[in-house]
Each structure stands twice: as structure tokens, then as C-alpha cells.
Amino acid sequence: MEELRDILARHGFSFKKQFGQNFISDTNLLRSIVAAAGVTEESTVVEIGPGAGTLTRALSEAAKRVVAFEIDVKLQPVLAETLAGRENVEVVFRDFAKVDLPALERGLGNYSVVANLPYYVTTPVVMRFVEEAKKCDSLTVMVQEEVAERFCARAGTSEYGAVTAAIARRGTCRIVKRVSRNLFYPRPNVDSAVVRIDFTGEGIAVKSEKAYRETVRCAFLNRRKTLENNLMQSFRIGREEAAELVRAAGAEEKARGETLSPEQLALLSDLIFMRGLIAENK
Ligand code: SAM
């Protein structure tokens, strides 16, 4: 294939920083992302941000079907050229934040998400699938290295946070590849990593997803405060009740929220839910 930068230049394409446009064309990297995602000829893949279509093309060569969402209509002529003849690819020019996920899922069987995500939407996009997706088996996404560390962090580390706990409830998360900034065009200021999040396992069972979300929010509300204090503030309860909840969740008396594992947070959220501190189930 002609050099990516030549194709873009021929179409007079100018990069837009606000859309996080850093493209990849390294064939080995593209192949390794497709392999890490476990894409087979049975797979349906949803891609967010096909850019110039290099990853899209590699995915379409391995998958049954690829549905890609691109915000920048200026990429339309570029994609028409780079994806010419790829009958199993559909590119929808729409901001993914405005895509109705339940409606999208009604038109698909089980699917995986594979994407080199624009940096500015990484966490909201991943959180949408974590919170709302019903038919998604896995997400294999390239993100900034430090964001990857946060997604897969262990309890008690400074990287561990609300996003980590949300992902852990739905499935497993691991970094499958570190990627140098030199493999992107234009070259960004940070290195990246490919993360795979699998939803196929059991995840962590909770009595109420809403209670888990609110418990996690509370646990990380003020990282300097004890969990006891954060519980008192979030759920308007007295010190004694808060201390009792902390003990029942198996945490140390003056523990901070960030030291609780996702399993402990789940137990705490069940206790909070059963005490009626959070009203409706969801
Ligand atoms: N997949 C291509 C690659 O790997 O070379 C491009 C990746 S680039 C990091 C991110 C792409 O996402 C850009 O093409 C950008 O225009 C697109 N994008 C940014 N925000 C988006 C959004 N909200 N919805 C859909 N696409 C978006």
C-alpha cells in the first residue's frame, strides 16, 4: 500500500488535534492488535475512530463484519480509497458519544470492540461499554500507557481508582502490548499500550449495579479521607454505622477506600444496598 502520509497528503487531509488523530500504519503492530483481540472469521467488530482505515482494513481481513464510527467526515474520501473492495466494512460518520448503544446492539450479534482510541474520549468510551453493553465480549483498545496502567491497576496503588473498580466488576483487564510513540503519525508526546478487557467471565456479582457505582464513587470521593469519613458524607450516616460497614467489608478500621479490592467494594455495596441506603435497584 502507498505510504499512509502520501495518501493523506494526496487528499489534502489536515490532522485535527481536537479529535486525537494519531494514526498507525506499522503492519506488525496492526497484525498484533488484531491477534490480541482474538478476531476470527466469525467475529463482528465495532471500531471507534477508523482514521485512515489502516486498522479497519486489517480487522476486515480477519473478521466477518466491521462496523466503524468516525467523527471526522473529512476522512470520507481517504477511507473510500483505503477500504475500497472491503465489502464487510461499514463506516458510519458519527460522533460515537451520540450513538445509541442499545440500538446498535439490536442490529448486532455478540461483538468485540477494537480501537486505537482518541485520547480525549478513552475513559468515557470504555466506561460506556463497561456500564451499558450487553452483547460485547471484549474490548481491545490502544490507550495512553498511564491510562492502561489505571485500567488494570491493583488495589492500594496510586493508579487504582473508580475506573479500575468499574472494569473489574465486569471482567478481567490486562495490558497486552506496550507501544512506542514513534509508531504513530503524527508522533504524540506519550507512549501507548494495548489493553484487553474481557467480559466473557463472570465478573463480580452484586445485588445492585447502582449501589456498586455509588459505593465506588464514595470510596474514591476524597482519597485523603478514610473510607469511614467518605461513607458518612456520601450516605449521611453516623460514625458508628460507617465503622460497622467498614468492618463488615473486611477492611481495616481506618482504611482508605483505595485499599479495598473490587470484591470488598462489591461486598460493601451489597451491605449498603441491603440497609436501604440506596433506594432503587438497577
Ligand atoms: N484507527 C486509526 C489508526 O489506528 O490509525 C485512527 C486512530 S486515531 C487515534 C482516533 C480516531 O478517532 C481519529 O480518526 C478521530 O477522528 C476519531 N474520533 C475522535 N473522536 C471520535 C468520536 N467521538 N467518535 C468517533 N470517532 C472519533
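No experiment lies behind these values; they were computed from the predicted model shown.

## Overview of the overall build of the protein
Okay, so step 1: Each helix and strand in the protein was counted, giving 12 helices and 9 strands.
Okay, so step 2: Taken over C-alpha atoms, the radius of gyration comes to 21 Å for the protein, in line with the 19 Å a tight globule of 282 residues would show.
Okay, so step 3: Each principal axis of the C-alpha atoms in the protein carries an extent, and together these give about 70 × 40 × 30 Å.
Okay, so step 4: Taking all 282 residues of the protein together, 50% fall into the buried category.
Okay, so step 5: Of all intrachain contacts in the protein linking residues separated by at least 6 positions in sequence, the fraction that spans at least 24 positions is 66%.
Okay, so step 6: Averaging the locations of the 40 positively and 38 negatively charged side chains of the protein gives two centres separated by 3 Å.

## A closer look at the domain arrangement of the protein
Okay, so step 1: Domain assignment breaks the protein into domain 1 (4-199) and domain 2 (209-274).
Okay, so step 2: One C-alpha centre belongs to domain 1, the other to domain 2; they are set 34 Å apart.
Okay, so step 3: Contacts between domain 1 and domain 2 engage 12 residues on the former and 12 residues on the latter.
Okay, so step 4: A combined buried area of about 920 Å² lies between domain 1 and domain 2, and 60% of that area is made up of carbon and sulfur atoms.
Okay, so step 5: It is Glu131, Tyr160 and Arg169 in domain 1 that bury the most area against domain 2; as a group they hold 50% of the surface buried on that side.
Okay, so step 6: In this structure, the connection of domain 1 to domain 2 is made through 1 salt bridge.
Okay, so step 7: Among the ionic pairs, Glu131 bridges to Arg213, the shortest N-O distance being 3.2 Å.
Okay, so step 8: Viewed at the interface, domain 2 and domain 1 are joined by 5 residue pairs in polar contact (both at pLDDT 80 or more).
Okay, so step 9: A per-element tally of the side of domain 1 that touches domain 2 places helix H8 (residues 162-170) first, with 5 residues.
Okay, so step 10: In terms of residue class, the side of domain 1 that touches domain 2 is made up of 6 nonpolar, 4 polar and 2 charged.

## Looking at the site of the ligand
Okay, so step 1: Surveying the vicinity of the ligand reveals 22 residues, the closest of which are Ile24, Gly49, Glu70, Asp95 and Tyr120.
Okay, so step 2: Between a nitrogen atom of the ligand and a side-chain N or O atom of Asp95, the distance comes to 2.8 Å.
Okay, so step 3: The side chain of Tyr120 places a nitrogen or oxygen atom 2.8 Å from a nitrogen atom of the ligand.
Okay, so step 4: For the ligand, whose free accessible area comes to 600 Å², the fraction covered by protein is 99%.

## Brief notes about the pairing of strand S4 (residues 89-92)
Okay, so step 1: Judged from the 4 bridges that link them, strand S3 (residues 65-69) and S4 form a sheet pairing that is parallel. Its bridge partner lying in S4, Val66 is registered against Val89.
Okay, so step 2: Where the polypeptide runs from S3 across helix H4 (residues 76-82) and back to S4, its parallel neighbour, the crossover connection is right-handed.

## Details of the pattern of salt bridges
Okay, so step 1: Throughout the structure, instances matching the rule amount to 17 salt bridges.
Okay, so step 2: Among the salt bridges present, the one from Glu149 reaches Arg178, with a minimum N-O distance of 2.7 Å. Separated by 29 residues along the polypeptide, Glu149 in helix H7 (residues 145-151) and Arg178 in strand S7 (residues 172-179) bring together distant segments of the chain.
Okay, so step 3: Of the residues examined, Glu149 reaches a relative accessible area of 31% and is grouped as partly exposed.
Okay, so step 4: On the basis of relative accessible area, Arg178 is assigned to the partly exposed category, the value being 46%.
Okay, so step 5: In this structure, Arg196 and Asp198 form a salt bridge, with 2.9 Å as the shortest nitrogen-oxygen distance.
Okay, so step 6: Among the ionic contacts, a cluster of salt bridges with common partners joins Glu145, Glu149 and Arg178.

Each value, and the rule that gives it
- Residues numbered from 1 in each chain as written.
- Predicted model: local features only at pLDDT ≥ 70, side-chain atom pairs only at ≥ 80, totals over all residues.
- Heavy atoms only, no water.
- Helix = DSSP H or I, 4+ residues; strand = E, 2+ residues; numbered from the N terminus.
- Rg over C-alpha atoms; globule rule 2.2 N^0.38 Å.
- Buried < 20%, exposed > 50% of the residue type's maximum accessible area, 1.4 Å probe, protein only.
- Contact = heavy atoms within 4.5 Å.
- Lys, Arg positive; Asp, Glu negative; His and termini not counted.
- Charge placed at Lys NZ, Arg CZ, Asp CG, Glu CD.
- Domains from an automatic or database assignment.
- Buried area = accessible area lost by both parts, 1.4 Å probe.
- Salt bridge = Lys/Arg side-chain N within 4 Å of Asp/Glu carboxyl O.
- Polar contact = N/O pair within 3.5 Å; in protein donor to acceptor, adjacent residues only side chain to side chain.
- Nonpolar A, V, L, I, M, F, W, Y, C, P; charged D, E, K, R; others polar.
- Near = heavy atom within 4 Å.
- Areas by Shrake-Rupley, 256 points an atom, 1.4 Å probe, with all protein chains shown as cover.
- Pairing = 2+ DSSP bridges.
- Right-handed = clockwise from strand over helix to strand, strands pointing away.

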